[in-house]
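Summary of structural features
Read off the chains here:
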Amino acid sequence: MKKLSLAFCCCFVSFLSFGQTAKNTLAIIPEPVKTVIKPRQFILPKYVTIQAPLTKDVVLVTEYLKRKLTGAAGAMVTLKANSAAPAAIKLLLNKKADTVLGKEGYHLWVGAKGVVISANEPAGLFYGVQTLIQLLPKEIESTEVQHVKWVAPCVDITDYPRFGWRGLMLDVSRHFFTKQEVKQYIDQMVRYKFNLLHMHLTDDEGWRIEIKSLPRLTTVGAFNVKKVGEFGDFSAPTPDEPRTYGGFYTQEDIKELVQYGKDRFLNIMPEVDVPGHSLAAVVSYPELSCTAGADKYQVRSGEHMMDFGAGGIKALVDNTLNPASEKTYEFLDKVMSEISQLFPFGYIHLGGDECAKNFWEQSADVKALMAKENLKNMEEVQSYFEKRLETIVESKGKKFMGWDEIIEGGLGPKAAVMSWRGIQGGITASKLGHEVVMSPTTFAYLDYMQSDRVMEPHVYASLRLNKSYEFEPVPDGADAKLILGGQANLWTEQVFNFRQVEYMTWPRGFAISESVWSPKAKKNWNSFYPRVEKHFARFNEAEIKYAPGVYDPDFKPQMNTDNKLTVEMTTEIPGLDIYYSFDNSYPDRFYPKYTGAVEVPKDASQLKVITYRGKDPIGRMISMPVAELKRRVGQKGQ
Ligand code: ACM
């Protein structure tokens, strides 16, 4: 009896410790719908047979997996269609559709003797493969052969997405990113089961897509003066500064990108941002403007151009299309004819955001249009424009989507809305019966700073990882059946290179991916951030840049009633120690440890701070000027 209970205890303890280890090794993002961890491990053999029905779409998946396994694991991979052949990894398409899994779901079974992924569609197999890769050691992400034990925990996973629209937007206008970089972005997205890349192709700073019938859009509109520093306040370009920065995608490039996405089960949605944000188009074809002198305009190079004051948006040069001119609609018809042929995706995004109306207000053309069409205000003028554009887009067999400003003067009959100024636009549009994609600044703006302002290139707002993780695409009051999903947006005014694209996207992209894929009930910050850290390690292997802002403290300065400046510091993730100095030397863990609000010594000029986990420095060294703390509490700095 004693022996028996001892044996039972040992068994129980080893089962428990196995459970702990397995749990610790599982770090899947986005969190699957259902995961059962089983004892034992799968050991990837040196010679791997992947067995799958070798149809065109499934071959995309098997080739993807083969590249991964031959790359880092150095495995010798053979593909076999014969279902009777023994195979370490089997991919199966369900003969009878599993209604739970839908189009993108999968079932992943990892046993000691082999792996089986089954799905209704090849896309599901692809996502099953992504999960399998995340079960393998982090070194699988390396671009070079690694010598580690290639094991995966045995699991039984059933998984499918919460939303069909899981997107990221990349602004390729403010700064241009090459075709190769866009492909890299797609590669990073699909690891996290995103299926939609929204390309913001046109803006004041550049028109980035070849339109054969309108060549000046790219010979003229795709180039400006290269400037570096803080975008938005650059000096006005002088005539001797070369207009050679920028570029565009040829139609062949676009076809290649669309195919690259399709091969990874990802669609590309083009955005042509009109009637505002259209300076590149106006410079190329000044007859599109309602303002005299537009022929002297130049593509913007980041100089001050818009005022976003309390009185509304005012443009300093007229960056809008003339809503009262037939030339505008003829132009847009040509653009849509070509774009609709290039992108198979069902929606075209037509912008509609931040359209300054101050030049329209001055325009005789616009006044005549208002009288003729009985339009009461500028919002109705924009609505007139949007409705005409919707007709053009639909005539090309596509659906029309715009930013939430298109609601203001009245929505066109079938317009879909992307809600960015918070969630209200999405709630309103869905209640009016329109399709909605949620991408509110509050949670989903990847251009916002993700650590303290002293650590980041300056943008007008901050968005930390824990706030991004709160993204809920179906807000209270919305008609849930019309919410297609969600996406995060990376505007690139302050993003000058592709490494910074990566830095701005990750880890907040993880938070968005989990918000649009995983069941709402599965979201849990305390389970999420340790997984994020595991993915940081994977990104180190893959040499993908990410923001470590989650380790930087948040500063809350306060002026006490006795006129003493104090600072509170908190971290997003628990278990970190904050060490600090006021004497300008760099603190380590032998310096004062933060335990509560600290008083800033009267003559101190710098607060220097670093976070540790145990004995290891983990955060970045932050130098916070005391003058900056004073500025934040409304006191003049020194
Ligand atoms: C936007 O952020 N202007 C859509």
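Residues numbered from 1 in each chain as written. Predicted model: local features only at pLDDT ≥ 70, side-chain atom pairs only at ≥ 80, totals over all residues. Heavy atoms only, no water.

1. Regarding the side chain of aspartate 159
Take aspartate 159: it is sitting in strand 7 (residues 151-159). Lysine 193 provides the closest opposite charge to the buried, unpaired aspartate 159, separated from it by 4.4 Å. Engagement of the side chain of aspartate 159 in a polar contact is seen with the backbone nitrogen of valine 33, the distance being 3.0 Å. Here tryptophan 517 takes part through its side chain, which lies 2.9 Å from a polar atom of the side chain of aspartate 159. In contact with aspartate 159, other than residues within four places in its own chain, are Glu31, Pro32, Val33, Leu101, Gly105, Tyr106, Lys193 and Trp517. (Helix = DSSP H or I, 4+ residues; strand = E, 2+ residues; numbered from the N terminus. Buried < 20%, exposed > 50% of the residue type's maximum accessible area, 1.4 Å probe, protein only. Lys, Arg positive; Asp, Glu negative; His and termini not counted. Salt bridge = Lys/Arg side-chain N within 4 Å of Asp/Glu carboxyl O. Polar contact = N/O pair within 3.5 Å; in protein donor to acceptor, adjacent residues only side chain to side chain. Contact = heavy atoms within 4.5 Å.)

2. So, the packing of aromatic side chains
Aromatic ring pairs are described here by two measures, namely the spacing of the ring centres and the angle between the planes. In this structure the tally under the stated criterion is 35 aromatic pairs. A centroid spacing of 5.9 Å and a plane angle of 45° characterise the contact between tryptophan 525 and tyrosine 529, whose relative ring orientation is tilted. Linking tryptophan 525 with tyrosine 529, this pair stays in helix 17 (residues 525-542), spanning four residues, or about one helical turn. Under the relative-accessibility criterion, tryptophan 525 is labelled buried at 18%. Taking 5.9 Å as the distance between ring centres and 70° as the angle between the ring planes, the aromatic pair formed by tyrosine 580 and phenylalanine 582 counts as edge-to-face. Phenylalanine 582 shares its class with tyrosine 580; the two are buried. One aromatic cluster in this structure is built from Tyr192, Trp506, Phe510, Phe536, Phe539, Tyr546 and Tyr551. Of note, lysine 523 hangs over the ring of tyrosine 469, and the distance from its end group to the ring centre comes to 4.8 Å. (Phe/Tyr/Trp six-rings, centres within 6.5 Å; stacked < 30°, edge-to-face > 60°. Lys NZ or Arg CZ within 6 Å of the ring centre and 35° of its normal.)

3. Things to note about the environment of methionine 455
Assignment of secondary structure puts methionine 455 in the loop between helix 13 (441-444) and helix 14 (465-468). Taking the C-alpha atoms as reference points, methionine 455 and aspartate 552, separated by 97 residues in sequence, lie 9.0 Å from one another. Leave out the neighbours within four places in its chain, and methionine 455 touches Asp552, Arg620, Met621 and Ile622.

4. A few points about the packing of helix 8 (residues 326-342) against helix 11 (residues 378-395)
The axes of two packed helices give the description: the angle between them and the distance between them. The geometry of helix 8 relative to helix 11 is characterised by a closest axis approach of 10 Å and an angle of 35° between their N-to-C directions. In the crossing of helix 8 with helix 11, the sense of the turn from one axis to the other is right-handed. Judged by residue contacts, Glu326, Thr328, Tyr329, Leu332, Asp333 and Met336 of helix 8 engage Tyr384, Phe385, Arg388, Leu389, Ile392 and Val393 from helix 11. For the contact of helix 8 with helix 11, the residue count by class is eight nonpolar, one polar and three charged. (Axes fitted to C-alpha atoms, helices over the stretch in contact; angles between N-to-C directions. Left-handed = near helix turned anticlockwise from the far one by under 90°. Nonpolar A, V, L, I, M, F, W, Y, C, P; charged D, E, K, R; others polar.)

Purely spatial values, then, with no claim about function.
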